Amino acid sequence: MPPIRSKGILLMLTAVAVFAVMDASMKRLTLAYPPSQVSCLRGAASIPVMLAIVGWLGGWRRLLPVRWSAHLLRGLLAVGMLSLFVYALKTLPLTEAYAIFLCAPLIVTGLSAVVLHEHVDWHRWLAIIIGLCGVVTMLRPSPSHLVTIGAAAALGSAVCYSLGAVMLRTLALSESTLSIAFTFLLAVAIANGVVAVPDWVPLQPRHWPWIAAIGISGALGQMLLIQAFRSAPPSTIAPFEYTALLWGLALDWLLWRTLPDEQTVIGGAIVTASGLYVIFREHLRAPVVIPP
């Protein structure tokens, strides 16, 4: 394997692990604070770390957006995505929230065909349908078992993420990586802060280490993820995003002594297999570049 691709894979694996630490820290804070306040802390705690990184790299000018309206729309999607996901973390085990949320790559593929008019062959449409059946398996809809609000929130978060990812493909043509990342944090901190103010719970000193963990891991994870996609093709490193399920399993057991039930395991396996197949088909379609 070429060294550049190996570097990209290592960066992706590290980014997923760092984000898992962030998600576990947010789940821990939901035991003491409302989801909107935790979402606000996610953005606010990462802003000083992001500014320190920008200062170190000397990229202050790249923080300024070009298309403010596009950033505003993506910021609203980011607020919806994070707010719903934090609520899912509050009510679901980490593994189950991850298993449902990881249907996002399937939704992105479908939206790319509808919104961006990208070609999606019937193999991938079939994989998308099968993957969504896996999501239904985890949601457990039946006359005697209503879909939980937490599971619906995880699915809604995946939809918001997917819409933002599709929008990001066009936004990245005119905006710098730093401006996209920074406006995401600002939108999350400000919008959720406004919602959280009426029910704001005073921060307890014993929770500051968890808040610091969110800030550091959130900013570091974003930078690692960006560098991963710069170091290797998306079709090469995207499959390693599914290692989040392994981290979810490990953290659920270490921190809360919980394990996923049978339906979550089956549904998660269906979603993961479908997502990997979609990525594999995309890799087959990618043009082969022969070096001179």
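Numbers given to residues run from 1 along each chain, matching the order in which its sequence is written. Note on the predicted model: pLDDT of at least 70 is required for a residue's local features to be given, and 80 or more for side-chain atom pairs to be given and counted; whole-chain, interface and lining totals, by contrast, use all residues. Note that the side-chain values use all heavy atoms of the structure and ignore hydrogens as well as water.

Draft legend 1. How the structure looks around the overall build of the protein chain. Helix and strand definitions follow DSSP, with helices as H or I runs of at least four residues and strands as E runs of at least two, each counted in order from the N terminus. Across its full length, the protein chain holds 12 helices and zero strands. Reading the protein chain from its N end, one meets helices and strands in the order α-α-α-α-α-α-α-α-α-α-α-α. Taken over the C-alpha trace, the protein chain has a radius of gyration of 19 Å; the compact-globule value for 292 residues is 19 Å, and the two agree within 12%. The buried label goes to any residue with under 20% of its type's maximum accessible area, the exposed label to any with over 50%, and the partly exposed label to all in between, with areas taken from a 1.4 Å probe on protein chains only. Counting over 292 residues, the protein chain shows a buried share of 49%. In short, Shrake-Rupley with a 1.4 Å probe defines the accessible areas, and a residue's cover is counted only from the protein chains shown. As presented, the protein chain carries roughly 14,400 Å² of accessible surface, and 74% of it is formed by carbon and sulfur atoms. Lys and Arg are tallied as positive, Asp and Glu as negative. Neither His nor the chain termini are counted. For this purpose, a charge sits on NZ of Lys, CZ of Arg, CG of Asp or CD of Glu. Here the protein chain holds 18 positive side-chain charges and 11 negative ones, and the gap between their average locations is 9 Å. This radius of gyration counts C-alpha atoms alone. The globule rule is 2.2 Å times how many residues there are, raised to the power 0.38.

Draft legend 2. Examining a nonpolar patch on the surface more closely. Here a patch means residues that are over 30% exposed by relative accessible area and free of salt bridges, tied together within 9 Å if like-charged and within 5 Å if nonpolar (Val, Leu, Ile, Met, Phe, Trp, Tyr). Here, a salt bridge means any Lys or Arg side-chain nitrogen found within 4 Å of an Asp or Glu carboxyl oxygen. A cluster of nonpolar side chains, namely Leu246, Leu249, Trp253, Leu254, Leu255 and Leu259, defines an oily patch on the protein surface of about 620 Å² accessible area. With respect to the element layout, Leu259 can be found in the loop between α11 (244–256) and α12 (262–285).

Draft legend 3. Inspection of the side chain of Ser112 at higher detail. Mapped onto the elements of the fold, Ser112 is located in helix α5 (residues 104–115). Since its relative accessible area comes to 2%, Ser112 is described here as buried. Think of a polar contact as two N or O atoms within 3.5 Å of one another; within protein, one of them needs to be a possible hydrogen donor and the other a possible acceptor, and neighboring residues in sequence only count if both atoms come from side chains. Reaching out from Ser112, the side chain makes a polar contact with the backbone oxygen of Val108 at a distance of 2.7 Å. It only takes one pair of heavy atoms within 4.5 Å for two residues to be counted as in contact. Beyond its immediate stretch of four places on either side in the chain, Ser112 contacts His117, Glu118, Val166 and Arg169.

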